[in-house]
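# Tertiary structure, described
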Amino acid sequence: MNTYLWSFWAILRRQAIELKRYAFNTLSSLVTIYVVFLLLFLGARFVAGGEAVFGDTLEGLIVGFTMWTFALVAYSDVSWAVMREAQQGMLEQLYMSPTGFRWVAISLAVSSFVVSFAFVAPIMGLMMVTTGRYLRLDLPSLLPLLALTLAAVYGIGLAVAGLALVFKRIQAAFQILQFVFVAFLFAPAEPLWAKALPLTWGTELIGRVVVGGTRLAEIPGVDLLLLAANGAFWLGLGILAFGLCERAARRRGLLGHY
Amino acid sequence: MRAGSGTEACALEVKDLVKVYPGRTPVTAVDGVTMQVERGEVVGLLGANGAGKTTIIKIICGLLLPTGGSAKVFGVPCHHRSASRHVSAVLEGSRNVYWRLSVRENLAFFAGLQGMSPRESRARIEELIAFFGLTEKRSAVANKLSQGMKQKLAVACALVRGTELVLLDEPTLGLDVETSHELRGLIAELARSQRRTVLLSSHNMGVVEAVCARVLILARGKVITDDHVDQLLNGFRTRGYRLVLQGELADPVASALQERFSMRQLSSTDHRAELEVEIAPGHDFFELVDLLRGSGVEVDSVSRAEPNLEEVFLRIVRGGKA
């Protein structure tokens, strides 16, 4: 077990060092996220005379935008991390880890998420200050919902990462998917089919917590089960797709090339 | 010829290995390779580009799945994840180190990736930094290092894991002569002092000759020779001499030298010729001296022509001996 923990620690530490060493990059990404939010917020206010157009309320915009940021971070942590390692010519070295590449990919994603969380949280605070609307951040209720919602995104990220191993030049599709997430986030959550979509149902439940003040224990069990099933389905599908693509890449000798 | 027989304590066992890259025109990169490497052996894979060296190494690393046959490290099939506990590698074409991390951070990362705690790896990292002469650059970002230092760091990162089997794919490629000599010396020293099993691929004969005790020569995906380096050189040792002559070599003398002593002209100017001759069985050195004495040229120097691995390799792949 220690092997896995130290391997995760090494990856987390590497990412923290790289973020610190390239602080300007990190900072400019954060500023970009905030500027995009500001444009959305000010634009929506200008067009709709003070009413947000994303979601039903201004809180909806904050929740939706924050979830989108989280989704992008989670999605790109997996898929982009694999592409970046391949481009850096380091994928083969990571593949030789005794923990296996799947663990390395998960560690890359989780550690990147932990590091990113430290940055997304202050931005969320800044968004609330900007809009003057303060959400209820009930972390014990919020974190499990966030984890289950993002599990689906990690699944999609893994599938895309697998496809990147085999097909390489898929940046365009990779970028388009980022905007598909917006549609998932703001799709109506009530129809049954929408509960099968990634992000949609989770964002609805998170909205109940941060906007409506509902606690995790007050959410009906069926709703939570649906979210858990959704997360497990997409994550499982992602793992399966990644495994198949990885095998194809090892058969065709594609791990070292980008 | 095959060296390294016996399966007990076998570090690496490759049997009837075949790798065909699929595609519109399938390419057979490895075609029925069988070999064994014992614990502590330092073995070289020699071959021209496309001979199958890198493919074999990548199959052993578990990065490629073979089309047929098997490869095992310490009895574990190479495509199993647990096999990677025994193997580390420096791969040609990969960067092998993170350019944004310092020397020390790279070593710490690779040690951690293998599951070593910082406490466990600290002493080992310091030892490797000192061994590879990177002490002054320990805090320098890899991107700022010279090519030679990057390569040394890559080898150090492969060794930090402490695996018994180390695979080095073209470790001196792209290095200048001096750094290449230094690195090959360090590899040889490491293999000797730490009793690591090393499989080194190169198309640089000097590296293989300096580092490896045994060599496998590959051509078109097949092993065409597997022997100890000194035995291979002995096998090709002839009664050859290298002569430097002053004066002009007349045509009849040149023809006689060609006919009786398989003369090969190495260089020639108006008044100086360098040539190599071979004294075949039934002839002796004095016949050569007599012939030259009568020709009017002056013998400036005579030395024994020892074969090197490059000549042996060329003779083998061109079909001189298998």
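Just above, that's the structure.
First, a word on what this report is: a plain description of the structure on this page. (Residues numbered from 1 in each chain as written. Chains lettered and ligands numbered in written order. Predicted model: local features only at pLDDT ≥ 70, side-chain atom pairs only at ≥ 80, totals over all residues. Heavy atoms only, no water.)

### Observations regarding the overall build of chain B
Secondary structure assignment for chain B yields 10 helices and 14 strands. Expressed along its principal axes, the backbone C-alpha trace of chain B runs to roughly 75 × 45 × 40 Å. Residue burial in chain B is summarised as follows: out of 322 residues, 51% are buried. For chain B, long-range pairs separated by at least 24 residues make up 71% of all intrachain contacts whose partners lie at least 6 apart in sequence. Carbon and sulfur atoms form 47% of the exposed surface of chain B, whose accessible area is close to 14,700 Å². (Helix = DSSP H or I, 4+ residues; strand = E, 2+ residues; numbered from the N terminus. Buried < 20%, exposed > 50% of the residue type's maximum accessible area, 1.4 Å probe, protein only. Contact = heavy atoms within 4.5 Å. Areas by Shrake-Rupley, 256 points an atom, 1.4 Å probe, with all protein chains shown as cover.)

### Points about the interface of chain B and chain A
Listed by partner, the interface residues are 37 residues for chain B and 34 residues for chain A. Among the residues of chain B in contact with chain A, Y98, R100 and L113 of chain B are the three that bury the most area, contributing 22% of the side total. Joining chain B to chain A, the criterion identifies two salt bridges. The partner of E92 of chain A in a salt bridge is K58 of chain B, with the nearest N and O atoms 2.9 Å apart. The interface formed by chain B and chain A holds 15 residue pairs in polar contact (both at pLDDT 80 or more) in total. Broken down by secondary-structure element, the contributors of at least two residues to the side of chain B that touches chain A are β1 (10-21), α1 (53-61), β6 (87-90) and α2 (103-113) of chain B. Tallying contributions element by element places α2 of chain B first for the side of chain B that touches chain A, with six residues. (Buried area = accessible area lost by both parts, 1.4 Å probe. Salt bridge = Lys/Arg side-chain N within 4 Å of Asp/Glu carboxyl O. Polar contact = N/O pair within 3.5 Å; in protein donor to acceptor, adjacent residues only side chain to side chain.)

### Considering the sheet that holds β6 of chain B
Residue and element names in this part refer to chain B. Strand order in the open sheet made by the six strands is β6-β7-β8-β3-β9-β10, with mixed pairing throughout. Looking at which strands have only one partner, the edges of the open sheet turn out to be β6 and β10 (222-228). Each neighbouring strand pair of the sheet contributes to a mean axis angle of 15°, computed without reference to strand direction. In terms of strand pairing, strand β9 (residues 214-219) meets β10 through six bridges, oriented antiparallel. What sits directly across from L216, in β10, is D226. Along the sheet, helix α4 (residues 147-160) makes contact with β6 and β7 (165-169), crossing β6 at roughly 175°. (Pairing = 2+ DSSP bridges. Axes fitted to C-alpha atoms, helices over the stretch in contact; angles between N-to-C directions.)

### Describing helix α10 (residues 309-317) of chain B
Of the residues making up α10 of chain B, those classed as buried are L309, V312, F313 and I316 of chain B. Projected down its long axis, α10 of chain B shows its buried positions confined to an angular sector of 100°, all on one face. (Arc of directions from axis to C-beta.)

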